[in-house]
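Summary of the model geometry
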Amino acid sequence: MKRIAIIGSGIGGSGIGALIATSFKSKINLYEQNNWIGGRCGSYLKKDKLGREWVCDVGTHIFGNCDKGFLGEILNKIGKPDAVKWAYCRDPGPRINMMGNILSFGLKKISKKSGAEKKKKPRKSKKRGFREIINEMSYEDTYKFDDVPLIDYLKQEKLNAFMYTLQAGLMFGTKPTETSAGEFLRCSKLNATNRAFGYSFGGTGAIPTAYCKAIEENNGIVKLETKVNRIVVEDGSAIGVEVGKDNEFVESDIVISNADIKSTVLKLVGENHFEKDYVERIKNLVWGGQVCSLKLGVDIHVTDDKWLNYVPKMDASDMKVLDPNKLIEGDITAKDVPKKVVLMIVPISNLDPNLAPPGCQNLHTVTPTLGVTQDEERKKISKAFEKACMNTLLDLWPEIEGHILWTDFVSDVFLDAKLGKEGAGTGIGQIVGQVGKNRPSQISPIKNLYYSSADAGGWGVGTELAAKSALDLFDYFKQQKILV
Ligand SMILES: Cc1cc2nc3c(=O)[nH]c(=O)nc-3n(C[C@H](O)[C@H](O)[C@H](O)COP(=O)(O)OP(=O)(O)OC[C@H]3O[C@@H](n4cnc5c(N)ncnc54)[C@H](O)[C@@H]3O)c2cc1C
């Protein structure tokens, strides 16, 4: 029986733990430094003034493929396909509100009155649309475009640059000049095939909680509020971890880190244990973009939408964060933060009605805070973004004024402090040079040390990237007979 230490209960950590616990003879110790399960995919409770409890999510609000994607694949593999109940974003499906015009994700105009899609007009040109391109392309073909920046690919295919860079921004939080076209094509193809955007009943934390339950039901232990301080390496091999306030040494045959890859290599293990080139490679990896999330409870019904991307009318000066050419000019400071921002809005109580008291709605929003790197500016920038998110919501739904029961704001500063990855939304950015064969491997150069997270291996959007990292690592263990 192999003793396995897992550092972190994010999707990558809890996912690989569940897969191992249910398939191999093992004794898992999973350590989570925070008091909630799931890292960026966790949920927590928020009380309103009447003492009512609302479920809030730390980060994630929409899953690209629900049960049909990598998150569901883990549940299937651990023999618990029904451990999570899914709510699809349908009736209405995902929408874009482009300065008052309501569009479907395929950019078709939606009649405001009926919510039904307008009658399809015959296509005038013979030009291939994005849907046709991804339908015709195999997953294998997408890898040919891994090193092509998305903006170049869109220009070459004469596709709507604004729309698809907006989508890629929401998917990866990366700049269109850097985003890998291959990764965008793969993820879009999977979404288009499955048509299963949605959400998990009970909050996003229901997924890592189900994974952790599988660990506990199979002889494993999940310890919250227990930080791993060091990965102990002897003679080029990981031999265990030092954990908690007392720095207890826990001997382990295998160590899997779900902590961010830079912290794992540079802090938990230490540079001196790796070859110089590897350390340089890790140091030079670029995080995906930072994001922030404003959540609020309102005591009125404002929307039937299940997922709405809102593009408000913006001042010319505010367009900087939307203009791919201006984005590459450099970082932004607090005074550059627009008064209104592009918001991804998920009224989570429209997906699971239990997430708000009767008559109320639980609205979660996300916006990218692209390009923020100056630490001293970060707190000011964060405040400015919180304000911008609220301004945008009030612009969209002025009627919520006076009906807001509570708000919560998850900033990139909070994410950095509590979860690492320098506050990145996802992990190591899905940009040219960091996807496909160029993505850091889950297999570290140190014997018995592995990574499972949105930082190493895999492909997919956000949580699904972390789940794919876990699934591929699990396959590796099986194929190499490292675990039996
Ligand atoms: C605001 C926001 C919105 C998002 N929206 C979406 C979305 O709509 N859809 C989507 O699919 N994805 C979304 N994402 C991205 C998604 O949440 C992440 O990509 C994914 O959850 C990352 O999983 P992970 O396992 O790699 O890491 P994490 O979730 O970061 O988990 C790592 C865990 O390791 C723990 N840890 C770190 N160091 C230690 C240590 N030394 N000891 C013990 N524990 C440690 C951390 O506390 C954490 O719990 C969003 C993220 C954010 C922040």
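For the structure, check the block above.
In this text, all values refer to a predicted model and were calculated from it rather than measured experimentally. (Residues numbered from 1 in each chain as written. Predicted model: local features only at pLDDT ≥ 70, side-chain atom pairs only at ≥ 80, totals over all residues.)

Some words on the overall build of the protein chain
Counting its regular elements, the protein chain contains 15 helices and 19 strands. For 484 residues, the compact-globule estimate of 2.2 N^0.38 gives 23 Å, and the protein chain sits close to it at 22 Å. The principal-axis extent of the C-alpha atoms belonging to the protein chain is close to 65 × 55 × 45 Å. Expressed as a percentage of its 484 residues, the buried residues of the protein chain come to 51%. Long-range contacts, defined as pairs at least 24 residues apart, comprise 73% of the intrachain contacts of the protein chain with a sequence gap of at least 6. (Helix = DSSP H or I, 4+ residues; strand = E, 2+ residues; numbered from the N terminus. Rg over C-alpha atoms; globule rule 2.2 N^0.38 Å. Buried ≥ 20, exposed ≤ 12 C-beta atoms within 10 Å, placed from the backbone. Contact = placed C-beta atoms within 7 Å.)

Overview of the environment of Gln-167
Topologically, Gln-167 is positioned in helix α6 (residues 161–172). Taking the number of C-beta atoms within 10 Å as the measure of exposure, Gln-167 has 20 and is therefore buried. In sequence terms Gln-167 and Phe-184 are 17 residues apart; their C-alpha atoms lie 9.2 Å from each other.

A look at the sheet that holds strand β10 (residues 228–234)
Pairing is antiparallel across the open sheet formed by 3 strands, whose spatial order is β10-β11-β12. Unpaired on one side and paired on the other, β10 and β12 (248–251) mark the two borders of the sheet. Between one strand axis and the next, the sheet turns by 30° as a mean value, whatever way the strands run. With 6 bridges joining them, β10 and strand β11 (residues 237–243) adopt antiparallel strand pairing. Across the sheet, residue Glu-234 finds its bridge partner in β11, namely Ser-237. (Pairing = 2+ DSSP bridges. Axes fitted to C-alpha atoms, helices over the stretch in contact; angles between N-to-C directions.)

A short note on the site of the ligand
Near the ligand you find 40 residues, and of these Gly-8, Gly-10, Gly-39, Gly-59 and Gly-462 are the closest. Within the residue set of the shell around the ligand, elements represented by two or more residues are α1 (11–23), β14 (291–298), α14 (412–419) and α15 (463–479). Both domain 1 (2–45 + 61–86 + 202–284 + 432–479) and domain 3 (289–421) contribute no fewer than three residues apiece to the shell around the ligand. (Near = placed C-beta within 6 Å. Domains from an automatic or database assignment.)

Here's the deal with the nonpolar core
Core analysis: the largest hydrophobic core is formed by 124 residues, its most contacted members being Ile-74, Ile-215 and Ala-470. For this core, the element with the most residues is α15, which contributes 8 residues. Those residues in contact with Ala-470 that lie beyond four places of it in its chain are Gly-12, Gly-15, Ile-16, Leu-19, Ile-74 and Ser-452. (Core = buried A, V, L, I, M, F, W, Y, C linked by C-beta atoms within 7 Å.)

A look at unusual backbone geometry
Backbone phi values are negative for most residues with the exception of glycine, while trans is the configuration of most peptide bonds. Cis geometry marks the peptide bond from Asp-91 to Pro-92; its omega dihedral reads 0°. Within the secondary structure, Pro-92 sits in the loop between β5 (86–88) and β6 (95–98). In this structure, Cys-66 takes a positive phi of about 40° despite not being glycine. For Cys-66, the location among the structural elements is in the loop between β4 (53–57) and α2 (70–77). Take Cys-66: there are 23 C-beta atoms within 10 Å of it, and that puts it in the buried class.

Regarding the pairing of β12
Strand residues, when the strand is regular, have side chains that alternate between the two faces of the sheet. As defined by bridge partners, β11 adjoins β12 across 4 bridges and the pair is classed as antiparallel. The partner of Glu-242 across the bridge, within β12, is Phe-249. Hairpin connection between β11 and β12: a loop of 4 residues separates the two successive antiparallel strands, and Gly-244 in this loop has a positive phi of roughly 70°.

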